[in-house]
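Breakdown of the fold
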Amino acid sequence: MSRYRFSIDLGETFTDFVILDDTGRLSIKKIPTTIHDSIHNLVEDLRYFVMECKIEIADIEALVVGISVQMPPERAINCARDLEQHLLAAGWPSPLQLVTNHGQLLRIHEAAENPEAIMSPRIGGLMTGRYFGEQMEQKNLVVLRIGGASAFLSLQTELSARSMDTLDQSLEKYGLSLPIGGNSYIGLNDKGEPVLQPEHATPGPGPACFDRGGDLPTLTDADLVLGYLNKDYFLYGAIPLKIELAKKAILKHLATPLNISVEEAAMRVSSGVDATIADHIRKLTGAHTRNLESYSLLAFGGAGPVHACEIARLVGISQMVVPVGAGVSSALGYLLVLSENDPDWQIPKAMQRAGYYNPTRRLGDFYALKGYRSVYYEKDLTPCGCPIYDRAGIRSDDTLSGPAIIEGPETTVVMREKSYARMDAFRNLRISMR
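Residues numbered from 1 in each chain as written. Predicted model: local features only at pLDDT ≥ 70, side-chain atom pairs only at ≥ 80, totals over all residues. Heavy atoms only, no water.

Focus on the pairing of strand 1 (residues 4–10)
This is how it is decided: Partly exposed residues are those whose accessible area sits between 20% and 50% of the maximum for their type, while under 20% is buried and over 50% is exposed, using a 1.4 Å probe and protein chains only. Helix and strand assignments come from DSSP, with helices taken as H or I runs of at least 4 residues and strands as E runs of at least 2, each series counted from the N terminus. We call two strands paired when DSSP finds no fewer than two bridges between them.
Counting buried positions along strand 1 yields 7 of 7 residues, so the element is predominantly enclosed. Of the two faces of strand 1, the one carrying Tyr 4, Phe 6, Ile 8 and Leu 10 and the one carrying Arg 5, Ser 7 and Asp 9 are both buried. Alignment of strand 1 against strand 4 (residues 60–67), held across 7 bridges, turns out to be parallel. Residue pairing for strand 4: Arg 5 is matched across the bridge by Ala 62.

Following this line, the structure appears as structure tokens:
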């Protein structure tokens with residue numbers, strides 16, 4: 001019988017579920033429900049996800065939770081306690097454990113003594129970066145995650161040791177959180193330039209394209225207008241995206257004041273985000289003498305792989321990698337923290353996405369091709385008839401040339417011109433820039 005571990009990342013805009021068994025079988029779910037909503041509803045979502053995975057609750061040996069929302073720490077403890085009580089009443093076999101930013105796992109009564117320790121634990125992204133770096137035998141890494149409400153950057157080098165203490169030190173010295181995410185509002189600065197604001201759309205209204213009452217443009221709206229996102233496949237299609245509402249918001253708040261087209265306004269937003277993150281990467285790597293060509297950029301989060309290819313090009317990194325489970329990297333990292341704290345459980349070297357397949361036979365060269373759509377890559381705003389691929393249908397060792405878009409349920413990979421992708425044996429997507 002397989003042993004299962006469950007991790008949850010309670011984010012500001014989405015909640016991520018990850019289940020991993022001893023063989024490396026990975027089950028993933030991203031939902032718009034957050035800890036701000038009804039705990040009862042969250043528990044129902046958990047129960048339904050376990051049923052979808054055809055797993056018995058009694059077979060889940062550990063439940064690890066990271067709290068990434070912005071709320072008073074004492075309230076977070078109360079929410080976690082409420083969640084645990086609901087779970088135990090629903091038949092979950094063990095209490096939950098909370099992840100700290102220093103790679104510890106605490107029971108709720110322990111966390112209550114220092115609630116600040118469990119808030120926004122960035123250790124998940126760092127652990128995920130280390131795992132995939134070792135898997136790919138790449139020691140020099142820039143790890144980038146762009147989620148709904150924030151972005152995280154970290155630098156890992158071949159000098160980094162394997163201990164949790166050294167990772168913790170690396171996080172403090174070479175880790176950076178940024179108020180940049182898919183739900184970040186876009187406004188005009190005093191120079192009349194479109195910029196991302198510190199505020200972001202909450203799970204209720206969300207971006208304008210969610211059609212939930214929000215009328216301010218966000219980065220997600222800009223990415224949709226540029227053709228990067230599939231309006232019918234966001235979160236498995238759970239949230240249909242309305243491109244006309246995204247255009248309306250951008251027209252009103254950006255394009256009309258600047259007397260430019262909606263597409264140009266969206267392009268300025270996207271290019272500005274790429275340039276901002278590239279500048280932060282340069283600052284992080286400034287103390288290092290190694291050329292960035294020796295680094296790989298690991299892209300995580302819902303929006304990270306959308307922007308990572310261009311960011312890598314801007315800083316001179318020649319390889320960008322989108323690993324398995326890239327859209328839920330923090331939750332996956334919490335399981336890696338669990339492994340560090342549990343000597344009886346070793347994380348497998350490779351993880352296989354449950355429900356995905358690695359086709360060994362196919363009918364033709366375009367087995368994974370889903371179709372084409374207009375995508376804006378260049379600042380001259382000439383749309384490209386871009387091929388769209390299903391990540392699940394790409395075989396190991398298959399190669400694709402950019403421009404192209406590769407879609408998965410939790411994240412989208414945007415490939416630029418003069419780039420090519422190869423699916424490696426671990427089903428990590430490796431993209432090289434010529």
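After presenting the structure, the write-up continues.
Observations regarding the packing of aromatic side chains
As a reminder of what qualifies: Classification of ring pairs uses Phe, Tyr and Trp, with its six-membered ring standing for Trp, and accepts pairs whose centres are within 6.5 Å; under 30 degrees between planes counts as stacked, over 60 as edge-to-face, and the remaining range as tilted.
Tallying each qualifying case throughout the model produces 9 aromatic pairs. Taking 6.3 Å as the distance between ring centres and 45° as the angle between the ring planes, the aromatic pair formed by Tyr 228 and Tyr 377 counts as tilted. Within this pair, whereas Tyr 228 is found in the loop between helix 6 (219–225) and helix 7 (243–258), its partner Tyr 377 is found in the loop between strand 15 (369–375) and strand 16 (384–390), the two being separated by 149 residues in sequence.

Side note on the packing of helix 7 against helix 8 (residues 262–285)
Our working definition: Where helices are involved, their axes are fitted lines through C-alpha atoms of the stretch in contact, as for all axes, and angles between N-to-C directions lie from 0 to 180°. Orientation categories follow fixed angle ranges, with anything under 35 degrees roughly parallel, anything over 145 roughly antiparallel, 65 to 115 roughly perpendicular, and all other angles oblique. In what follows, residue pairs with any heavy atoms lying within 4.5 Å of each other are defined as contacts. For this classification, the nonpolar set comprises Ala, Val, Leu, Ile, Met, Phe, Trp, Tyr, Cys and Pro, the charged set comprises Asp, Glu, Lys and Arg, and every other residue, Gly included, is treated as polar.
Axis separation between helix 7 and helix 8 bottoms out at 9 Å; the angle between their running directions is 90°. Here helix 8 runs roughly perpendicular to helix 7, going by the angle between their axes. For the pair helix 7 and helix 8, contact is made by Lys 247, Ile 250, Leu 251, Leu 254, Ala 255 and Leu 258 and by Val 262, Glu 263, Ala 265, Ala 266, Arg 268 and Val 269, respectively. Of the residues contributing to the contact of helix 7 with helix 8, the split by class is 9 nonpolar, no polar and 3 charged.

So, the environment of Gly 182
When you line up the elements, Gly 182 lands in the loop between strand 9 (175–178) and strand 10 (184–188). Residue classification places Gly 182 among the buried residues on the basis of a relative accessible area of 6%. C-alpha separation for the pair Gly 182 and Ala 303, spaced 121 residues apart in sequence, amounts to 6.2 Å. When neighbours within four sequence positions are excluded, Gly 182 is seen to be in contact with Gly 147, Gly 148, Thr 218, Leu 219 and Thr 220.

A look at the sheet that holds strand 3 (residues 25–31)
Two strands in a sheet stick together by hydrogen bonds in their backbones, pointing the same way (parallel) or opposite ways (antiparallel). Spatially, 6-5-4-1-2-3-14 is the arrangement adopted by the 7 strands of the open sheet, whose pairing is mixed. In this open sheet, the two edge strands, each paired with only one partner strand, are strand 6 (105–106) and strand 14 (352–353). Bridging between strand 3 and strand 14 involves 2 bridges; their strand directions are parallel. Counted as the bridge partner of Arg 25 is Gln 352 from strand 14. Packed onto the sheet, helix 2 (residues 73–89) meets strand 1, strand 4 and strand 5 (96–99) and runs at close to 155° relative to strand 5.

Regarding the packing of helix 1 (residues 39–52) against helix 2
Quick note on the threshold: The crossing is said to be left-handed when, going from far helix to near helix, the turn is anticlockwise and less than a right angle, and right-handed when the turn is clockwise.
Direction vectors running N to C along helix 1 and helix 2 enclose 50°, while the axes themselves pass 10 Å from each other. By the criterion of interaxial angle, the relationship of helix 1 to helix 2 is oblique. Judged by the sense of rotation from one axis to the other, the crossing of helix 1 with helix 2 is right-handed. Side by side, helix 1 and helix 2 meet where Ile 39, His 40, Leu 42, Val 43 and Leu 46 of the first sit next to Cys 79, Asp 82, Leu 83, His 86 and Leu 87 of the second. Here the residues of the contact of helix 1 with helix 2 are counted per class, giving 7 nonpolar, 2 polar and 1 charged.

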